[in-house]
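Listed here are the chains, written in short residue letters.
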Amino acid sequence: MGKTKADIIVGIQWGDEGKGKIVDMLAQKYDMVCRSQGGHNAGHTIWVDGVRYALHLIPSGVLNPKAINVIGNGVVLSPASIIKEMEQFENLEGRLYISDKAHLNLPYHAAIDQAKERLKGDKAIGTTGKGIGPAYSDKINRVGHRVGELRDPKKLTAKIMEYFEQNKPVFDAMGVETPNEAELLEELEGYADKLVPFITDTAVMVWEALDKKGLRVLLEGAQGTMLDIDHGTYPYVTSSSTVSAGACTGLGLNPKDIGKVTGIVKAYCTRVGNGPFPTEDHGSDGDRLAEVGHEFGTTTGRKRRCGWFDAVATKYASRLNGCDELALMKLDVLDGFEEVKVCVAYEYNGEQIDYLPQDLENVKPIYKSFKGWEKSAGARSFDELPQSAQEYIRAIEEITNTKVGIISTSPERDDTIIME
Ligand code: GDP
Ligand code: IMO
Ligand code: MG
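In short, a report on the structure.

Calculation rules
Residues numbered from 1 in each chain as written. Chains lettered and ligands numbered in written order. Predicted model: local features only at pLDDT ≥ 70, side-chain atom pairs only at ≥ 80, totals over all residues. Heavy atoms only, no water. Helix = DSSP H or I, 4+ residues; strand = E, 2+ residues; numbered from the N terminus. Rg over C-alpha atoms; globule rule 2.2 N^0.38 Å. Buried < 20%, exposed > 50% of the residue type's maximum accessible area, 1.4 Å probe, protein only. Contact = heavy atoms within 4.5 Å. Patch = residues over 30% accessible without salt bridge, like charges linked within 9 Å, V, L, I, M, F, W, Y side chains within 5 Å. Areas by Shrake-Rupley, 256 points an atom, 1.4 Å probe, with all protein chains shown as cover. Salt bridge = Lys/Arg side-chain N within 4 Å of Asp/Glu carboxyl O. Lys, Arg positive; Asp, Glu negative; His and termini not counted. Charge placed at Lys NZ, Arg CZ, Asp CG, Glu CD. Phe/Tyr/Trp six-rings, centres within 6.5 Å; stacked < 30°, edge-to-face > 60°. Lys NZ or Arg CZ within 6 Å of the ring centre and 35° of its normal. Polar contact = N/O pair within 3.5 Å; in protein donor to acceptor, adjacent residues only side chain to side chain.

### Observations concerning the overall build of the chain
Helices and strands together make up the secondary structure of the chain, namely 12 helices and 20 strands. For 420 residues, the compact-globule estimate of 2.2 N^0.38 gives 22 Å, and the C-alpha radius of gyration of the chain, at 22 Å, lies within 12% of that figure. Based on the C-alpha atoms only, the size of the chain along its principal axes is roughly 65 × 55 × 40 Å. Looking at the 420 residues of the chain, the share that counts as buried comes to 57%. Relative to all contacts within the chain whose residues are 6 or more apart in sequence, the contacts with residues 24 or more apart total 76%.

Structure below.
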């Protein structure tokens, strides 16, 4: 078998674009699906034959019984969360592998996350409260613990107790309690019992899949480009690299291993948590998008902020990720609007610009209006779409300089248009 390349699915907006649906659909054609970053802050929803699956850490390839699922070194793993998630599926042995180099996200990380958010008051980021920032901070500060350390729970307990001793004044100030040593050991032993059989050096596995076995490998992004730690709306971002380039470090791949990059965008925009969102609509259009699109977080249940499609941000994200194509999701949610709008430029300090300034909160969107359409829901071919929906899609391609390769018209796997 010849050498194969890994394709990437990446979120282009502020997360929740519909990555789970597309990965699940494509996973029918891939042998291996890998997560490279994020943690259980992610919530990927998949509907198959009217049954809903919500995934947080397990890759969305899990519903294809033949696909191997990999959690790479760049992920922060909550053992409690993944163990609960694993219970939904029968016998994952041989179908799920977790990198020994991924970092542990333990209950005290969530306690720190929530305490920090409380202390920030109205400046809070609006995190998911799952400990993501503190777990990545510990990794970067070189005081984190890797998943492979679960192989020796006694040693890991001693290290965590030492860490608490060293940081006691800080934790006391935040109201974060030092764990009880015996209870911590018991907890870690419980995690080890369930997870150690799945822990391995996943980079070597993926190399073998690509170099020797010629397997088709898909990398599943979590969150979205505008939440990227470097390129997003800092500090209102998540703590990982959410862009396509980050998938390499998060799995131990190199840029030459990467094949096709598909950027996932909704036909409108949403954001959960705080931070700038130029096209946010506080009026009836925003309410209608939220209601029709069921825009409530999969992980926290929070109502998502909604607004029109932002082509300026999409063009930026498409360049950043090297998108070969876009998958345009939830087109059906726009059904029945008399007029739909696309932000084609920003007004900034009295000028018209088409880039994202650092103080994105100070831009005003400039819209182009399009005629609405009655019904796209359930369409499975481009020709089936109403004329004005086709025109809307063609305009998005032109403004963002990226072709639309996939169109999604309902949450179900099969209600998807693959463009020739
Ligand atoms: P992810 O985090 O990117 O995987 O996205 P989420 O699962 O958090 O949010 C996307 C939501 O939209 C989920 O509830 C999906 O079931 C749903 N969804 C995905 N594609 C479509 C679509 O084309 N139409 C509609 N109406 N819903 C969709
Ligand atoms: P998926 O993979 C949408 C947001 C949070 C908050 C910010 C930081 O389902 O698209 P964190 O807990 O990561 O420190 O929170 O990032 N956020 C998401 N928003 N979808 C997600 O994941 C998100 N993961 C984090 O709301 O604004
Ligand atoms: Mg989500």
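### A look at a negative patch on the surface
Together, Glu183, Glu186, Glu189 and Asp193 make up a region of like negative charge exposed at the surface. Mapped onto the secondary structure, Glu186 falls in helix H7 (residues 181-195). According to the relative accessible area criterion, Glu186 is exposed, its value standing at 59%.

### Notes on the packing of aromatic side chains
Applying the stated criterion across every chain, the model contains 10 aromatic pairs. The interplanar angle of 80° and the centroid separation of 5.6 Å between the aromatic rings of Tyr163 and Phe164 together place this pair among those described as edge-to-face. Grouping residues by exposure puts Tyr163 and Phe164 together as buried. Each member of the aromatic cluster is reached from another via a ring pair, and the members are Tyr108, Tyr163, Phe164 and Phe171. Positioned above the aromatic ring of Phe337 is the side chain of Arg288, whose terminal nitrogen or guanidinium carbon lies 3.9 Å from the ring centre. Cation over ring: Lys341 sits above Tyr367, and NZ or CZ is 4.8 Å from the ring centre.

### Considering the side chain of Lys266
Tracing the chain through its elements places Lys266 in strand E11 (residues 258-266). Side chain to side chain, Lys266 and Glu295 meet in a polar contact 3.0 Å long.

### Let's talk about the pattern of salt bridges
For the structure on display, the rule yields 17 salt bridges. One salt bridge connects Arg304 with Asp16, and the closest N-O pair in it is separated by 3.0 Å. Of this pair, Arg304 sits in the loop between helix H10 (284-292) and strand E13 (305-307) while Asp16 sits in the loop between strand E1 (6-11) and helix H1 (19-27), and the two are 288 residues apart along the sequence. Relative accessible area serves as the criterion here: at 6%, Arg304 is assigned to the buried category. Classification of Asp16 by relative accessible area gives partly exposed; the value is 23%. A salt bridge links Asp287 to Lys303, with the shortest nitrogen-to-oxygen separation between them at 3.8 Å. Of this pair, Asp287 sits in helix H10 while Lys303 sits in the loop between H10 and E13, placing them 16 residues apart in sequence. Using a relative accessible area of 45% as the deciding quantity, one classes Asp287 as partly exposed. Assessed through its relative accessible area of 48%, Lys303 is described here as partly exposed.

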